[in-house]
Amino acid sequence: MADTLTLTDNRTGKTYEIPITDGTIRATDLKQIKAGGDDQGLATYDPAFMNTAACRSRITFIDGDKGILEYRGYPIEQLAEHSTYLETAYLIIFGELPSTTQLQQWTREITFHTMLHENIKKLMEAFQYDAHPMGVFLSTVGAFSTFYPDAKKIFDEKSRMKQIHRLIAKVPTIAAYAYRHSIGRPYVYPDNDLSFTGNFLNMLFKMTELKYQPNAVLERALDVLFILHADHEQNCSTSTMRVIGSSHADPYSAMAGAAAALYGPLHGGANEAVLRMLNEIGSVANVPAFIKRVKGGDGRLMGFGHRVYKSYDPRAKIIKQTADEVFEVTGKNPLLEIALELERIALQDEYFVTRKLYPNVDFYSGLIYQAMSFPVEMFPVLFAIPRTCGWIAQWEEMLLDQEQKIARPKQIYTGATKRQYTVLSARK
Ligand code: ACO
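Note that the structure is a prediction, hence the values are computed from the model and not measured.

Participant: Got a minute to help me understand the sheet that holds strand E5 (residues 74-75) in this structure?
Facilitator: Working definition: the strands of a sheet are paired by backbone hydrogen bonds and lie parallel or antiparallel to each other. Taken together, three strands build an open sheet; the order of strands is E3-E4-E5 and the sheet is antiparallel. Looking at strand neighbours, the two that pair on one side only are strand E3 (60-63) and E5, the edges of this open sheet. The pairing of strand E4 (residues 68-71) with E5 spans two bridges and is antiparallel. Note on E5: the bridge partner recorded for tyrosine 71 is tyrosine 74.

Okay, here's the thing in structure tokens:
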């Protein structure tokens, strides 16, 4: 017998059998229960989607209690150890790891699309000299819809694939141009001999040398960070991508919106907040006093806690290892000692233990980015580059899902009841 939920309406004495599938009931099954009078039936109220599944997805699995993160069934730890960002992006988009030939073709396609239209430079020049690179990034992604009008053909598989290649290939170039603009340096064209991340470092940091040679350790570290940030199921920016895409807007317009959601400090800005906090603490000796303050309700331990993970964020574990490798090359970030001491104390403190507060992905990522010479304004951009493949995969999954329609939540109206318009002269 199928699992059902039996609901009895105390007002009418009526009983309803609501099917349970995959641990959920369909919200529309509740409509048959009248909420009162000639209403449209009972609905659910769930601000911030705390307990609502809005889609079926085969892309990313998270078990927050056990600290598990898998892309298409592959554990994040294995991908971070053995894969590359481009291979992981292929996996996330197509659902399977590529064969050697498929990976070569994929890499060729991405490499082939790294250049930007020359007019993009003019667009960038219109921004203020000190424009935040994330603002430039999301505006440029949105502007792409005017450069590639064929992107409107969202149900044409070939056209979709072309936009996917373009987006994954071009986001590092946009990000690098935005950064170079913000520091007044000339833009650097892509070097297609280099790897995805090697070329990104080239476009960011090349000066007058004829050929930029990325440091192999930093190149790999960035690739690992990109793998860790590639997707994270239905978070704020991914949900934004799906919602905008549900109106059948082109993928560039939808992704500009997703990037805007990521720009917010509650989403893509937490690692910057961690650095600010570490600077404010100033030294290891000040850590106990800071912890005491946080426990007293004065501020939060940034980089700790997560809506989904109620154990150690699996990405934070990998990032900690990567940090050690990066610091071997760059020298230790002086803030590391403070971070380690904060973690040591917090992990054995009753306040943090009982609330299941563990380091999240952002606790160490900012330290690594800073050691690699990235300014803090670039942190959300560094998040957006790899998340592009996740956004696109989720967008395409939504488009091809027969159950999906234009997203349109309900509301509970709490405003004034019907009243008569008063002409201006008659108002008090
Ligand atoms: N420091 C101190 N106390 C905390 C922290 C923290 N970082 N996080 C949660 N708590 C406490 C809360 O005060 C609350 O305590 P109470 O029950 O005594 O009131 C309890 O733990 C539960 O906290 P909530 O805010 O209900 O947890 P929620 O799931 O809504 O918040 C969040 C998750 C926003 C990530 C939160 O832990 C936080 O603010 N962390 C710091 C910011 C941060 O690192 N954000 C990055 C998240 S990762 C990402 O977005 C990529």
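Participant: Can you help me understand the site of the ligand in this one?
Facilitator: As a matter of local geometry, the ligand sits amid 18 residues, with Arg300, Leu301, Gly303, Phe304 and Asn360 nearest to it. Contact between the ligand and leucine 301: a nitrogen atom at 2.7 Å from a main-chain N or O atom of the residue. With respect to the ligand, the side chain of tyrosine 351 contributes an N or O atom lying 3.1 Å from a nitrogen atom. Here the ligand has 930 Å² of accessible area as a free molecule, and 67% of this is covered by the chains. Here the shell around the ligand is composed, by residue class, of eight nonpolar, five polar and five charged.

Participant: Even after reading the chapter, I still don't get the pairing of strand E2 (residues 15-19), so can you show me in this structure?
Facilitator: Side-chain direction in a regular strand flips from residue to residue, so the side chains alternate between the two faces of the sheet. Alternating positions in E2 separate cleanly, Tyr16 and Ile18 being buried on one face and Thr15, Glu17 and Pro19 remaining unburied on the opposite face. Judged from the five bridges that link them, strand E1 (residues 4-8) and E2 form a sheet pairing that is antiparallel. By the bridge assignment, leucine 5 is partnered in E2 with isoleucine 18. Where E1 folds back on E2, the antiparallel hairpin that results is connected by six residues, among which glycine 13 adopts a positive phi of roughly 80 degrees.

Participant: Which parts of the structure should I look at to understand the packing of helix H7 (residues 196-205) against helix H8 (residues 216-228)?
Facilitator: For any two helices packed against each other, the geometry is given by the interaxial angle and the distance between the axes. As a packed pair, H7 and H8 sit with axes 8 Å apart at the nearest point and diverge in direction by 110 degrees. Looking at the two axes, H7 sits roughly perpendicular to H8. Between H7 and H8 lies a crossing whose hand is right-handed. Residues Phe196, Thr197, Gly198, Phe200 and Leu201 of H7 lie in contact with H8, whose contacting residues are Leu218, Glu219, Leu222, Asp223 and Phe226. Among the residues forming the contact of H7 with H8, the class breakdown is six nonpolar, two polar and two charged.

Participant: What is the right way to look at the pattern of salt bridges in this model?
Facilitator: Charged atoms that come close allow side chains of opposite charge to pair. By the definition in use, this model includes 20 salt bridges. Here lysine 121 makes a salt bridge to glutamate 118, at a shortest N to O gap of 3.1 Å. Residue class for lysine 121 comes out buried when judged on its relative accessible area of 19%. On the basis of relative accessible area, glutamate 118 is assigned to the partly exposed category, the value being 43%. Between lysine 320 and glutamate 343 there is a salt bridge, with its nearest N and O atoms 3.4 Å apart. Taken together, the positions of lysine 320 in helix H13 (residues 314-330) and glutamate 343 in helix H14 (residues 336-347) put the pair 23 residues apart, joining distant regions of the chain. Take glutamate 343: its relative accessible area is 5%, and that puts it in the buried class. One continuous salt-bridge network, built from bridges that share partners, spans Asp22, Arg26, Arg56 and Glu403.

Participant: Teacher, can you tell me more about a nonpolar patch on the surface here?
Facilitator: Together, Leu5, Ile20 and Ile25 line one region of the surface with nonpolar side chains, adding up to about 190 Å² of accessible area. The residue isoleucine 20 is located in the loop between E2 and E3 in this model.

Participant: Where do I start with the packing of helix H2 (residues 85-94) against helix H17 (residues 379-400) in this structure?
Facilitator: Two elements in contact, H2 and H17, have axes whose closest approach is 8 Å; the angle formed by their N-to-C orientations is 15 degrees. In terms of their interaxial angle, H2 and H17 are classed as roughly parallel. Here H2 and H17 pass one another in a crossing that is right-handed. Residues Tyr85, Ala89, Ile92 and Ile93 of H2 lie in contact with H17, whose contacting residues are Ile385, Pro386, Cys389, Gly390 and Ala393. Grouping the amino acids of the contact of H2 with H17 by side-chain chemistry returns eight nonpolar, one polar and no charged.

Participant: Looking at this structure, how should I read the environment of alanine 178?
Facilitator: Structurally, the position occupied by alanine 178 is in helix H6 (residues 157-182). Along the sequence, alanine 178 and methionine 203 sit 25 residues apart, while their C-alpha atoms lie 11 Å from each other. What alanine 178 contacts, discounting residues up to four positions off in sequence, is Met124, Pro133 and Val136.

Participant: How should I be thinking about the packing of aromatic side chains in this particular structure?
Facilitator: For any pair of aromatic rings, geometry is given as the distance between the ring centres together with the angle between the planes. For the structure on display, the rule yields 21 aromatic pairs. When the ring of tyrosine 90 is compared with that of phenylalanine 94, the centres are 4.4 Å apart and the planes differ by 40 degrees; the resulting orientation is tilted. One end of the pair, tyrosine 90, and the other, phenylalanine 94, are both in helix H2, four residues apart, so they sit about a helical turn from each other. Judged by its relative accessible area of 35%, phenylalanine 94 falls in the partly exposed class.

Participant: Would you explain the environment of alanine 54 in this entry?
Facilitator: Take alanine 54: it is sitting in the loop between E2 and E3. A relative accessible area of 65% places alanine 54 in the exposed class. In this structure, the C-alpha to C-alpha distance between alanine 54 and phenylalanine 290, residues 236 residues apart in sequence, is 40 Å.

Participant: How do you make sense of the environment of serine 57 when you look at a structure like this?
Facilitator: Note that serine 57 resides in the loop between E2 and E3. Taking the relative accessible area as the measure of exposure, serine 57 reaches 33% and is therefore partly exposed. In this structure the side chain of serine 57 is engaged in a polar contact, spanning 3.4 Å, whose partner is the backbone nitrogen of isoleucine 59. Polar contacts involving the side chain of serine 57 include one to the side chain of glutamate 397, which spans 2.7 Å.

Procedures and definitions
- Residues numbered from 1 in each chain as written.
- Predicted model: local features only at pLDDT ≥ 70, side-chain atom pairs only at ≥ 80, totals over all residues.
- Heavy atoms only, no water.
- Pairing = 2+ DSSP bridges.
- Helix = DSSP H or I, 4+ residues; strand = E, 2+ residues; numbered from the N terminus.
- Near = heavy atom within 4 Å.
- Polar contact = N/O pair within 3.5 Å; in protein donor to acceptor, adjacent residues only side chain to side chain.
- Areas by Shrake-Rupley, 256 points an atom, 1.4 Å probe, with all protein chains shown as cover.
- Nonpolar A, V, L, I, M, F, W, Y, C, P; charged D, E, K, R; others polar.
- Buried < 20%, exposed > 50% of the residue type's maximum accessible area, 1.4 Å probe, protein only.
- Axes fitted to C-alpha atoms, helices over the stretch in contact; angles between N-to-C directions.
- Parallel < 35°, antiparallel > 145°, perpendicular 65-115°, else oblique.
- Left-handed = near helix turned anticlockwise from the far one by under 90°.
- Contact = heavy atoms within 4.5 Å.
- Salt bridge = Lys/Arg side-chain N within 4 Å of Asp/Glu carboxyl O.
- Patch = residues over 30% accessible without salt bridge, like charges linked within 9 Å, V, L, I, M, F, W, Y side chains within 5 Å.
- Phe/Tyr/Trp six-rings, centres within 6.5 Å; stacked < 30°, edge-to-face > 60°.

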